[in-house]
Amino acid sequence: MRAIAPREPLAPRGAATPRALALRLLRAGAILVVGLAAAAWLFGDTWRHHFPVAEDAGATIEIRFAHFGGYEEYALWREAIEVFEREHPRVRVRQEFVVGGQALYHGKLRQQASAADLPDVFFVQVGPFNDLADQFADVGGVLDGVQEIDGRPENLSGLDALGIEAFRVDGVQRALPICGGPLLIYVNLACFDRATRFLGSAVAQPHEPWTIDEFLALASQATIRDPRLEGEAQFGFWHPRWVYYLPFLWSFGADVADAKRWALEGGEAESALTLYHDLLRVHRVCPGDAELPQVWQDVAFLTGRVAMCVNGPWFERFVEVGVTGDLGRFDVLPIPRGPGGRWTRVTWDGAALNPSTRGARRRAAENFLRHLLSEPVQDRLATQGLAMPARRASLDVYVTGPRAAQRARFVEALAYSRLQPRFPRFQEVDQLINRSLDRYLNEADDRSAREFLADLRAEPLIRACFETGGGS
Amino acid sequence: MSLQGRGAAWGFVAPFIVGFAAWCAGPLAASLFLSLTDASGASARRAEYVGLANYRAALGVDRTARADAAGPGPWLAGDGRPTDPLVYRSLGNSLAYTAMTVPVTLAGSLALALLLMQRVRGFSIVRTIVYLPHLLGGVASLVIWSWLLNPRFGGINAAIRAVYAAADPLLRATLGVTTEGWPVPEWLFSPTWCKPALVLIRAGTVGGSVLILMAALQRVPPELGEAAALDGAGAWTRLRRVTLPQLRPALVFVGLIETVFAMQAFTESYVLSHRSQQDGLLFAATYLYRTAFESPHRLGYAAALGWILAGVTGVMIAPWLAWGRRRAAFEEGGT
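Residues numbered from 1 in each chain as written. Chains lettered and ligands numbered in written order. Predicted model: local features only at pLDDT ≥ 70, side-chain atom pairs only at ≥ 80, totals over all residues. Heavy atoms only, no water.

Q: Before we go on, may I ask you to explain the overall build of chain B in this structure?
A: For chain B, the helix and strand inventory stands at 13 helices and two strands. Per-residue burial over chain B gives 38% buried out of 335 residues. Within chain B, residue pairs in contact and separated by at least 24 positions form 62% of the contacts whose partners lie at least 6 positions apart. Counting only carbon and sulfur atoms, one obtains 68% of the accessible surface of chain B, whose full area is about 18400 Å². (Helix = DSSP H or I, 4+ residues; strand = E, 2+ residues; numbered from the N terminus. Buried < 20%, exposed > 50% of the residue type's maximum accessible area, 1.4 Å probe, protein only. Contact = heavy atoms within 4.5 Å. Areas by Shrake-Rupley, 256 points an atom, 1.4 Å probe, with all protein chains shown as cover.)

Q: Which parts of the structure should I look at to understand the pattern of salt bridges?
A: Two side chains bearing opposite charge may form a pair once their charged atoms approach each other closely. Residue and element names in this part refer to chain A. Tallying each qualifying case throughout the model produces 29 salt bridges over all chains. A salt bridge links Glu 79 to Arg 380, with the shortest nitrogen-to-oxygen separation between them at 2.7 Å. Here Glu 79, found in helix H2 (residues 71–87), pairs with Arg 380, found in helix H15 (residues 375–384); they are 301 residues apart in sequence, far enough to count as distant. Judged by relative accessible area, Glu 79 falls into the partly exposed class, the value being 32%. (Salt bridge = Lys/Arg side-chain N within 4 Å of Asp/Glu carboxyl O.)

Q: I tried to follow unusual backbone geometry on my own but got confused; where do I start?
A: Working note: non-glycine residues mostly have negative phi, and peptide bonds are mostly trans. Here the bond from Glu208(A) into Pro209(A) is cis, since omega is -5°, no more than 30 degrees from zero. Note on placement: Pro209(A) falls in the loop between helix H8 (189–199) and helix H9 (212–222). At Arg284(A), a position not held by glycine, the phi torsion is positive, near 55°. A positive phi angle is found at Gln278(B), which is not glycine, with a value near 55°. One can find Gln278(B) in the loop between helix H11 (267–272) and helix H12 (284–293).

Q: Help me understand the sheet that holds strand E10 (residues 330–333) of chain A, please; the structure alone is not making it clear to me.
A: In a beta sheet, neighbouring strands pair by backbone hydrogen bonds and run either parallel or antiparallel. All names here are of chain A. In spatial order, the strands read E8-E9-E7-E10; together these four strands make up an open sheet with mixed pairing. Since the sheet does not close on itself, it has two edges, and those belong to strand E8 (235–237) and E10, each with one partner. Mean inter-strand twist for the sheet, computed between neighbouring axes without regard to direction, equals 20°. When E8 meets strand E9 (residues 306–311), the two strands line up parallel, connected through two bridges. Note on E9: the bridge partner recorded for Phe 237 is Met 308. Sitting on the sheet, H8 touches strand E7 (184–188), E9 and E10, and the angle it makes with E7 is about 45°. (Pairing = 2+ DSSP bridges. Axes fitted to C-alpha atoms, helices over the stretch in contact; angles between N-to-C directions.)

Q: I would appreciate a short explanation of helix H7 (residues 194–203) of chain B in the present structure.
A: Counting buried positions over the 10 residues of H7(B) gives seven, a clear majority of the element. Among the structural elements, helix H3 (85–116), helix H5 (138–148), helix H10 (235–263) and H11 of chain B are those in contact with the buried residues of H7(B).

Q: Got a minute to help me understand the nonpolar core in this structure?
A: Proteins that are soluble and globular tend to have nonpolar side chains buried together. Residue and element names in this part refer to chain A. If you look at the biggest cluster of nonpolar residues, it comprises 76 residues, and the most contacted ones within it are Phe 65, Trp 77, Ile 178, Tyr 186, Phe 368 and Leu 372. A total of six residues in this core trace back to one element, the largest contributor, which is helix H14 (residues 359–372). Among the nonpolar cores identified, the runner-up in size contains 60 residues, and Leu 189, Ala 269, Tyr 440 and Leu 441 belong to it. (Core = buried A, V, L, I, M, F, W, Y, C linked by side-chain atoms within 4.5 Å.)

Q: When you look at the interface of chain A and chain B in this model, what are you seeing that I'm missing?
A: A common measure of how large an interface is: the accessible area buried when the components associate. Each partner contributes to the interface: chain A provides 31 residues, whereas chain B provides 34 residues. Surface buried jointly by chain A and chain B totals about 3000 Å² across both partners, of which 44% is contributed by carbon and sulfur atoms. The largest share of the area that chain A buries against chain B comes from Asp289(A), Gln294(A) and Arg435(A), three residues that together contribute 20% of it. Summed over the shared surface of chain A and chain B, the number is two salt bridges. Counting the contacts that link chain A with chain B gives six residue pairs in polar contact (both at pLDDT 80 or more). (Buried area = accessible area lost by both parts, 1.4 Å probe. Polar contact = N/O pair within 3.5 Å; in protein donor to acceptor, adjacent residues only side chain to side chain.)

Worth remembering: the numbers are spatial, not functional.
Shown next as structure tokens:
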């Protein structure tokens, strides 16, 4: 076998040819370029955030505006943005929206706030607002000087007073109400017609004024579990979560809490909680979870499985679009009157400004917030009927069209509306109340309302957040 | 090794080292540090060192509070209630789910693997069908299962009702009882049935474990079984005395993996949780996630929960590791 001669190196070690050197340099250069591009891609936003380019007087300004909701909300605010951009040619508004529920949206806001990356103008709901407001104080100051935004304090008095109050914390106005409304009872009249046909005797249609007893009687009459009822059972009322049950609670004369004191106790609270329990377990006018599984309130109401539900003005458009044919008749009634009078809960979506926005962007953001509260935008909002406008002058526009009678009831309800209680760690307490109520509503739970309330009051979170009067 | 060779070796190993440091060791150290702070995911303020306060808050008992009849369990009977009852509730749920799901999946996988190893015409298609749900996985599979388990309209209860109807004449004739009015499970809408529902879902997706056990079965020398048969061993004895001991490493692996997955189960709980379950599907990993990334965004506290969960998981896998080590010691001694 022939031995293979050792291969000679092409060039002596340590003495690279110019060609090899050039190749090495080229390779190093390519790696450097790719590395720099990757770094710019990864950290560019961070760099711009910490080292902003000086504002150019003639340059276009972009502000970010965040909201949540479905397609109709998107289209409405898109329209408002387009009008604003036409009026302010040097300002561009980037619309950032979260499709779906408020929880997801506010979760995103929290993360943006903790990353000091809040949008310049953003919507916020009253419920989670308290938690957020505390947090915003962490990221560079509260939103103050709202009066100076307009330079016309009288504009504030033109907005709904409870809406203004909802976003005022410790005397500081942190946001301004844009839209919202009170909770009333939606009635699917076709369910009462079906009950009449099935029972062979007239079932009265709900009408105002009505008391809680009358409401309960009607809900019972509309509840028919017999499967022969045109295929499926129907129920009188959709069992609401606690914040939607607040109007009933107040109508019994009870309350949940104020800023410091836990108030969900006493005879009125027990009566209200007893009804809450009995609607589901004793009178059985509400569907249990396994009776209408994987069906939510909107579908249950729209398909006529549930005759009545508590909801706000934003539900009207949904019902109009969704309910067809025989089910196309619905009405809106006030919350029934109870021993504590007649009350309902009003909720507002407000717009806040990022306290860290400065200079020309701040001025543009303020202008945009003013634009959202302007007559044309508020009137457009009122016409569309997605919610009630916060600007009181626009309420006249709201009460027009084929649903004027129902809309008028929402406007009337503002007179007996209350804001939901505001207290620290709202979302945690909200989750605790929901969780406790779920247990209380379970068939296996045999506690009385008094025992349930005592257990709730003894929860460590409640004791940490409120004065409970030593009830544990 | 030359300098150039060592450089090349480090170069090849570097991606793993960088990846391990960046995605495993770094986050582990960070989470340990976080668990000793009051870091919040909803605030830009600087986190403060709080020592073991998060661990005390998670596992502690408030002796000044009245005991709750529906509390977390007998180990906390008496005065006081946990400062965070959901920690015990979620850990209890994870442990219960693990205790239910691991034996079921292990036994089911083994039975299926033994069955599918038989040389029967058309079984290759059956093997594919058994493995397919494992490929689907994730949220899509869970949504399909949620519809199958719908207590009113779902396919599972329809099948149960059909069985009731079919059995009714027979039961009337023999026992004089009727199946009319017999209940069907409310599955995901009941605190009692929600965990069995999840076990059922898990049992439907054992394709991965079946594949591992089939691979292990193929490595069992057939002559061992043949020799045992010549000595008069029946099928059951051969399975117990020959096949299962040979499968032990694979069984340990599958059992260990199933235990870890069950203790860390998240997607099932996150997708299928419902208020009517009364937190029956609130698992430790889900509670950790909700604490960290939903309200109240307590990152430090959630990190402590993570380490508590890791500790409990460690205890749960210890028997598997011990069993596996015994096998290794036996092999070392035998050679």
